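Listed below, chain by chain, are the residues.
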Amino acid sequence: MPTVSNDGVDLYYETAGAGETVAFVGDVGYGAWQWGWQHAAVAGPHRGLVADLRGCGRSDAPAGPYSVSTLADDLTTVLSDAGARSAHVVGAGLGGMVALSAARETARVDSLTLVGTAARGDGLDLDPLWGAPDDPDALERSLAAALSPSFVDDRPGEVERMVEWRASEDADRAAWAAQAAAVSDFDVSDALYEITEPALVIHGADDAVWPVERGQELSAGLPRGEFRAVDDAGHLVHVEASKRVNDELLGFLDDVS
């Protein structure tokens, strides 16, 4: 699968399907496994592109801290290597911030789907989401912070599979901290009016780490923002409520493509 270098940092990505490119940008610490449900859904009517953030999976993990602007530059580097002039960008958490930055700073973004994210990172405590990849118990505990209690209780087999995926793809502590620093330093709340692309904001109503109010504020500040709350879902809403999120995403892409 392809790898491209941005200023000496190798970035891994993969594509599937044909049509307009839909690029997925992940959240702090998580590998590309988090997009398995959405990538499969869009590959067909669209060309899905998933990359490992610097610090995760098969991409390099240089010393941090990282910035959202640097991660946005990584995204546009991957798009160029993949032959995509522009893309519909889907970002979760940190990835949503990267998508916002790319939309504000470049002409490479056709639309935004922003999942469990915010216009600013101040005041967010991301530590409950951290789990050491070599500690299955810690990974399971941190998933409990990212998912609704009902999902954790009712679908233990899926939680177990996520633990396995995280063990092989997620960031180590140093890379996780470098990515988390990008979140804490980000703030475009006073510049959202500059981001005029169509934007769908999706947020788990029970997100315990990135409060749903942050998603509501983000949607309200975007000139073309639409907000969708998903009841009984936590931060990883696109994982635990994948069918609902996929329906929202595909409907939105049909409208803007």
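The notes below deal with the structure included here. These numbers come from a predicted model, not from an experiment.

**Points about helix α2 (residues 68-81)**
Line of reasoning, step 1. The end-to-end C-alpha separation of α2 is 20 Å, in line with the 20 Å expected for 14 residues at 1.5 Å each.
Line of reasoning, step 2. Those residues of α2 that fall on the buried side of the exposure criterion are V68, L71, A72, D74, L75, T76, T77, V78 and L79.
Line of reasoning, step 3. Where α2 ends, the next residue or the one after it, G83, has phi of about 75°, a positive value.

**With respect to the packing of aromatic side chains**
Line of reasoning, step 1. Per the stated rule, a full pass over the model turns up five aromatic pairs.
Line of reasoning, step 2. Considering the side-chain rings of W37 and W165, the 5.9 Å spacing of their centres and the 75° angle between planes classify their relative orientation as edge-to-face. You can see W37 sitting in helix α1 (residues 36-42) and its partner W165 sitting in helix α6 (residues 156-169), a full 128 residues away along the chain.
Line of reasoning, step 3. The ring of Y66 has R54 lying over it, and the distance from NZ or CZ to the ring centre is 5.7 Å.

**Some points on the sheet that holds strand β3 (residues 21-25)**
Line of reasoning, step 1. Pairing is mixed across the open sheet formed by eight strands, whose spatial order is β1-β2-β4-β3-β5-β6-β7-β8. Two strands lie at the open edges of the sheet, namely β1 (3-6) and β8 (225-230), each paired on one side alone. Pairs of neighbouring strands in the sheet enclose a mean axial angle of 25°, with direction left out of account.
Line of reasoning, step 2. Alignment of strand β2 (residues 9-17) against strand β4 (residues 47-51), held across five bridges, turns out to be antiparallel. The partner of E14 across the bridge, within β4, is V50.

**Regarding the packing of α2 against helix α3 (residues 94-105)**
Line of reasoning, step 1. Two elements in contact, α2 and α3, have axes separated by 8 Å at closest approach and are oriented at 75°. If you check the angle between α2 and α3, you find them roughly perpendicular. When α2 is examined against α3, the residues V68, S69, L71, A72 and L75 are found in contact with a partner set consisting of L94, M97, V98, S101, A102 and E105.

**Focus on the pairing of β4**
Line of reasoning, step 1. Within β4, five of the five residues are buried, which leaves the element mostly enclosed by the surrounding structure.
Line of reasoning, step 2. Every second residue of β4 is oriented toward a common face, with R47, L49 and A51 on one face and G48 and V50 on the other, all of them buried.
Line of reasoning, step 3. As paired elements, β3 and β4 share four bridges and run parallel to each other. The residue of β4 that forms the bridge with A23 is L49.

**Side note on the environment of D232**
Line of reasoning, step 1. One can find D232 in the loop between β8 and α9 (237-240).
Line of reasoning, step 2. When its relative accessible area of 57% is taken as the criterion, D232 is described as exposed.
Line of reasoning, step 3. With 26 residues separating them along the chain, D232 and D206 place their C-alpha atoms 6.0 Å apart.
Line of reasoning, step 4. Beyond its immediate sequence surroundings of up to four residues, D232 is in contact with S148, S150, D206 and E240.

**Remarks on the pattern of salt bridges**
Line of reasoning, step 1. In this structure the tally under the stated criterion is 11 salt bridges.
Line of reasoning, step 2. Between D52 and R58 there is a salt bridge, and its shortest N-O distance comes to 3.2 Å.
Line of reasoning, step 3. A relative accessible area of 3% places D52 in the buried class.
Line of reasoning, step 4. For R58, a relative accessible area of 46% gives the class partly exposed.
Line of reasoning, step 5. For the salt bridge of E158 with R155, the shortest nitrogen-to-oxygen distance reads 3.0 Å.
Line of reasoning, step 6. Judged by its relative accessible area of 22%, E158 is partly exposed.
Line of reasoning, step 7. Assessed through its relative accessible area of 34%, R155 is described here as partly exposed.

**Focus: helix α8 (residues 212-221)**
Line of reasoning, step 1. Residues of α8 that are buried include every one of V212, R214, G215, L218 and S219, and no others. In an axial view of α8, the angular spread of the buried residues amounts to 155°, which keeps them on one side of the axis.
Line of reasoning, step 2. Among the structural elements, α3, β6 (109-115), β7 (199-204) and β8 are those in contact with the buried residues of α8.

**Notes on a negative patch on the surface**
Line of reasoning, step 1. Where like charges cluster on the molecular surface, the negative patch consists of D137, E140, E160 and E164.
Line of reasoning, step 2. Of all the secondary-structure elements, those providing two or more residues to the negative patch are α4 (136-146) and α6.
Line of reasoning, step 3. One can find E160 in helix α6.

What counts as what
- Residues numbered from 1 in each chain as written.
- Predicted model: local features only at pLDDT ≥ 70, side-chain atom pairs only at ≥ 80, totals over all residues.
- Heavy atoms only, no water.
- Helix = DSSP H or I, 4+ residues; strand = E, 2+ residues; numbered from the N terminus.
- Expected span 1.5 Å × (residues − 1).
- Buried < 20%, exposed > 50% of the residue type's maximum accessible area, 1.4 Å probe, protein only.
- Phe/Tyr/Trp six-rings, centres within 6.5 Å; stacked < 30°, edge-to-face > 60°.
- Lys NZ or Arg CZ within 6 Å of the ring centre and 35° of its normal.
- Pairing = 2+ DSSP bridges.
- Axes fitted to C-alpha atoms, helices over the stretch in contact; angles between N-to-C directions.
- Parallel < 35°, antiparallel > 145°, perpendicular 65-115°, else oblique.
- Contact = heavy atoms within 4.5 Å.
- Salt bridge = Lys/Arg side-chain N within 4 Å of Asp/Glu carboxyl O.
- Arc of directions from axis to C-beta.
- Patch = residues over 30% accessible without salt bridge, like charges linked within 9 Å, V, L, I, M, F, W, Y side chains within 5 Å.
- Areas by Shrake-Rupley, 256 points an atom, 1.4 Å probe, with all protein chains shown as cover.
- Lys, Arg positive; Asp, Glu negative; His and termini not counted.
- Charge placed at Lys NZ, Arg CZ, Asp CG, Glu CD.

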